[in-house]
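# Fold and geometry: a report
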Amino acid sequence: MIEINNLSKVFRTSEVETVALNQVNLQVEEGEFVAIMGPSGCGKSTLLNILGLLDNPTSGSYKLLGQEVADLHEKDRTRVRKGKIGFVFQSFNLIDELNVFENVELPLTYLGLRAAERKQRVNDILKRMAISHRSQHFPQQLSGGQQQRVAIARAVVTNPKLILADEPTGNLDSKNGAEVIKLLSELNGEGTTIIMVTHSQHDASFAHRTVHLFDGSVVASNRNL
C-alpha cells in the first residue's frame, strides 16, 4: 500500500539547514498496523505529514496505492488525500464552532455526498463510537476521551483505506487511552491500514510492527509478538 524509498526532508532557512528525514525506506502492507517510535525531534511527525500528503519530501520516492505522490502540487495532494486518508491528532483538532455531528459530517460535505447519506453515515459512526448522545454538544463541552472519539469518528466516516494517528492517546488518561487504542485495533481488524506515532510502548504493542526512528533515519523495524 505504501512504498517509500530513500525519502529525505530538509528544512532550510537563510542560516541553518535541518535534516528531518534522512534516506528513509519503509513499506506498509494493506491492512497492517504499524507503530512509529523514537525520541522527540527524530522525524516522526514529519514522516507522518508526508505520508498524509500534508507536505512533500525534499527527495526520494513515495508510492501510495501504486501512485507516485512525492512531488505532487498541493491541489493534487488534496485530491488524492480526500476520502482515502483519515487523520487522528493528539490535540483532537475539532472545530469549536461546530457541534459533534457537524464536525464528523465535514469530510463528507467535502466529498459532495447528499445530505441524507451524510446524516446516515454520521449517525452510524457516532453510534459505533458510543458518542451519539453528545451529537449536539460542542467540543469544549466534552471530556478529552469524548473529543478523541469524535476525532476518530471524523477520521473514519469516509471509510478511508489509511488512518494516520499522531500520539492519539497523548492527552488522555490511561482508561480513555486504552479505549482509543481498542477502537483503532478494531478498525484495523476490519481491514483499515493504520500508522500510529506514539511514545507509549504499551500502545505500540497493539501494532503488528514497530518502526524505530532516530535522527531522521529508520534504525530498526520489529515484528510484535
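Note: the structure precedes this text.
Given the structure is predicted, the values throughout are model-derived calculations rather than measurements.

Calculation criteria
Residues numbered from 1 in each chain as written. Predicted model: local features only at pLDDT ≥ 70, side-chain atom pairs only at ≥ 80, totals over all residues. Heavy atoms only, no water. Helix = DSSP H or I, 4+ residues; strand = E, 2+ residues; numbered from the N terminus. Rg over C-alpha atoms; globule rule 2.2 N^0.38 Å. Buried < 20%, exposed > 50% of the residue type's maximum accessible area, 1.4 Å probe, protein only. Contact = heavy atoms within 4.5 Å. Areas by Shrake-Rupley, 256 points an atom, 1.4 Å probe, with all protein chains shown as cover. Lys, Arg positive; Asp, Glu negative; His and termini not counted. Charge placed at Lys NZ, Arg CZ, Asp CG, Glu CD. Polar contact = N/O pair within 3.5 Å; in protein donor to acceptor, adjacent residues only side chain to side chain. Axes fitted to C-alpha atoms, helices over the stretch in contact; angles between N-to-C directions. Parallel < 35°, antiparallel > 145°, perpendicular 65-115°, else oblique. Left-handed = near helix turned anticlockwise from the far one by under 90°. Nonpolar A, V, L, I, M, F, W, Y, C, P; charged D, E, K, R; others polar. Pairing = 2+ DSSP bridges.

### Quick look at the overall build of the protein
Check the secondary structure of the protein and you find 7 helices and 10 strands. Scaling as 2.2 N^0.38, a compact globule of 225 residues should have a C-alpha radius of gyration of about 17 Å, and the protein matches this with 17 Å. Referenced to the eigenvectors of the C-alpha coordinate spread, the extents of the protein come out at roughly 50 × 40 × 35 Å. Out of the 225 residues in the protein, the part that is buried amounts to 49%. When contacts within the protein are restricted to residue pairs at least 6 apart in sequence, long-range pairs at least 24 apart make up 67% of them. Summing over all exposed atoms, the protein offers an accessible surface of approximately 11,000 Å²; the carbon and sulfur share of this is 48%. Averaging the coordinates of the 24 positive side-chain charges in the protein and doing the same for the 25 negative ones gives two points 6 Å apart.

### Observations regarding helix α3 (residues 100–111)
Every buried residue of α3 is listed here: Val100, Phe101, Asn103, Val104, Glu105 and Leu108. The opening residue of α3, the one whose side-chain oxygen lies 3.1 Å from the backbone nitrogen of Phe101, is Asn99. Gly112 lies just past α3 and shows a positive phi near 80 degrees.

### Section: the packing of helix α5 (residues 144–156) against helix α6 (residues 174–189)
The relative placement of two packed helices is expressed as an angle between their axes plus a distance between the axes. In the contact formed by α5 and α6, the axes pass within 10 Å of each other and the chain directions differ by 15 degrees. When the axis of α5 is compared with that of α6, the two are roughly parallel. By crossing handedness, the relation of α5 to α6 is classed as right-handed. Of α6, the residues touching α5 (which contributes Gly145, Gln148, Arg149, Ile152 and Val156) are Asn176, Glu179, Val180, Leu183 and Leu187. Taken together, the residues of the contact of α5 with α6 break down into 5 nonpolar, 3 polar and 2 charged.

### Here we look at the pairing of strand β3 (residues 33–37)
Counting buried positions over the 5 residues of β3 gives 5, a clear majority of the element. Along β3, one buried face is formed by Phe33, Ala35 and Met37 and the opposite face, lined by Val34 and Ile36, is buried too. Taken together, the 4 bridges between β3 and strand β8 (residues 193–197) define a ladder with parallel strand orientation. Paired with Val34 across the strands is Ile195, a residue of β8. Two strands pair when backbone bridges link them, and β3 and strand β9 (residues 209–214) are joined in this way by 4 bridges, in the parallel orientation. Looking at β9, one finds that Ala35 is bridged to Thr210.

### A word on the sheet that holds strand β2 (residues 17–28)
The sheet built from 4 strands is open, its strands ordered β2-β1-β4-β5 with antiparallel pairing. The open sheet has two free edges, formed respectively by β2 and β5 (67–68), since each of these has just one partner strand. Pairing of strand β1 (residues 2–12) with strand β4 (residues 59–64) involves 5 bridges; the strand directions are antiparallel. Pairing of Asn5 across the sheet is with Ser61, part of β4. This element, helix α1 (residues 44–51), spans β1, β2 and β4 of the sheet and lies at about 120 degrees to β1.

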